Every structure is written in structure tokens, then in C-alpha cells.
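Coordinate inspection notes
Chain by chain, the residues:
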Amino acid sequence: MKKSIHRPDWDSYFLEIARTVAKRSTCLRRQVGAVMVRDKQILSTGYNGAPAGIAHCDTAGCLREKLKVPPGERHELCRGLHAEQNAIIQAAVHGVSIDRSTMYCTHEPCSVCSKMIINAGIKTVVVGGNYPDKLAREILKEAGVKVINAQHRR
């Protein structure tokens, strides 16, 4: 008799990879990972942290914490890039088209990342957790980007 094994569906599989990517984050507030996928193939990954060559937040400290900036507000007051931004940038650096791709991200994107997602041609975003940015949800919906919250499918 054959032994039955449990295989995760594709969304669960790529979201778990995004959670692993997030472990590289140097953010003191929230570790986020993103994975760009098309046709079940990984195109690019990204995690949140400072740009290459400058001190990471775990070394330099967190300006947002110091100024008591709430999550979802004043994104410019951070030395780091978001995971979604880094995944898009890495694809560009390596000449990989992410048009019509799916982004798997540990959290919902902010409004800045949402605008980048729209212009990069990403059609679907699968998220594992919420983020308090109402504008982001509104503009993704208006642009026709499908957002799937994996938390709500359990």
C-alpha cells in the first residue's frame, strides 16, 4: 500500500519560501519577505533592510522606533527598503521581467510598494499577514491587482 504524503499547494509553498526569505531581514520592527513567481518558477526574492553598503537597522538603530512612528505611516522615515521593493529591484538588476507575475509576501504591501507592484505589471499578490494601510488596498483594487490573503483561506 502506498504511503500518503501531504504536499502543500503552490500558494502555501511559495508563501513558506517568502517566510524563509524574511529571516534575512535586519529590520527591528517587522521581518518581511517577498518572492516573485511566474509559471511556478521563482524569478526574484527580497527582504526588508538597508540598501547595500550602508549600516543595517540592527546596527544603526531604528529611526521609526525613536520617533514613535506607527506602522503604515511615514514610510520615508526609514533607512531600509521593503521586501517588495527589493524583489522588484533584484529582478531589474538581473534583467528578469516580472510582468504578469505573482508576488508572494509575508505581509500586505504598503501604498508605496503597491504603486510599484502596479507599475511593474504584477497581477496577483498572495499575502500571509495584514498591514495597516487602507490606501494600499484601495489602489491595488482599483488597478485590478488580485490580492489573496492566505490567512482567510485556512
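For the structure, see preceding data.
What counts, and at which threshold
- Residue numbering note: each chain is counted from 1, following its sequence as written.
- With pLDDT at 70 or above as the cut-off, local features in this predicted model cover only qualifying residues; side-chain atom pairs require 80 or more to be listed or tallied, and sums for whole chains, interfaces and linings still use all residues.
- Side-chain numbers come from the whole structure's heavy atoms, not from hydrogens or water.
- Note on classification: 1.4 Å probe, protein chains only; a residue is buried when its accessible area is under 20% of the maximum for its type, exposed when over 50%, partly exposed between these limits.
- Each helix is a run of DSSP H or I of at least 4 residues and each strand a run of E of at least 2, with the numbering of both proceeding from the N terminus.
- Note on definitions: the grid is 1 Å and covers protein atoms alone; a cavity is a set of points where a 1.4 Å probe fits but cannot get out; a pocket is an open set with protein on both sides within 12 Å along at least five of seven lines; lining residues have an atom within 4 Å of a point.
- Grid points are joined across faces, edges and corners, and a volume is the space filled by probe spheres set on the points.
- Gly is put with the polar residues, along with every residue not named as nonpolar or charged; the nonpolar set is Ala, Val, Leu, Ile, Met, Phe, Trp, Tyr, Cys and Pro, and the charged set is Asp, Glu, Lys and Arg.
- As used in this record, nonpolar core signifies buried Ala, Val, Leu, Ile, Met, Phe, Trp, Tyr and Cys residues forming a set joined through side-chain atoms within 4.5 Å.
- Whether two residues are in contact is decided by their heavy atoms: any pair within 4.5 Å suffices.
- In this description, one arc is meant: the one made by directions from the helix axis to the C-beta atoms.

Some remarks on helix α4 (residues 83-93)
Of all the residues in α4, the buried ones are Ala83, Glu84, Gln85, Asn86, Ala87, Ile88 and Ala91. Among the residues trailing α4, Gly95 stands out with phi positive, at a value near 70°.

A closer look at the layout of surface pockets
Size it by volume and the largest pocket reaches roughly 380 Å³. The class makeup of the residues in the lining of the largest pocket is 13 nonpolar, 8 polar and 5 charged. If you add up the space inside the second largest pocket, you get close to 200 Å³. Looking at the second largest pocket, the residues that line it are Val21, Thr45, Gly46, Tyr47, Gly49, Ala50, Pro51, Ala52, His56, Asn86 and Gln90. Counting residues per element, the lining of the second largest pocket draws most heavily on strand β2 (residues 41-47), at 3 residues. Looking at the lining of the second largest pocket residue by residue, the class counts come to 5 nonpolar, 6 polar and no charged.

Some words on the nonpolar core
Judged by nonpolar contacts, the single largest core of 17 residues is most densely connected at Ile88, Ile98, Met103, Ile117, Ile122 and Val125. For this core, the leading source of residues is α4, giving 4 residues. Apart from residues lying up to four places away in sequence, Val125 is in contact with Met103, Pro109, Ile117, Val145, Lys146, Val147 and Ile148.

Points about unusual backbone geometry
Here Lys40, not a glycine, exhibits a phi torsion of approximately 65°, which is positive. Looking at where Lys40 falls in the secondary structure, it is placed in the loop between β1 (33-38) and β2. The backbone of Lys68 shows a phi angle near 55°, a positive value even though the residue is not glycine. Note on placement: Lys68 falls in the loop between α3 (63-66) and α4. Lys68 gets classed as exposed once you look at its relative accessible area, which sits at 70%.

Here's the deal with helix α6 (residues 134-143)
Considered for burial, the residues of α6 that qualify are Ala136, Ile139 and Leu140. Along α6, the residues classed as buried sweep out an arc of 100° about the axis, all on the same side. Seen from the buried face of α6, the exposed residues on the opposite side, beyond 90 degrees, are Lys134, Lys141 and Glu142. Just downstream of α6, Gly144 is the residue with a positive phi angle, here 80°.

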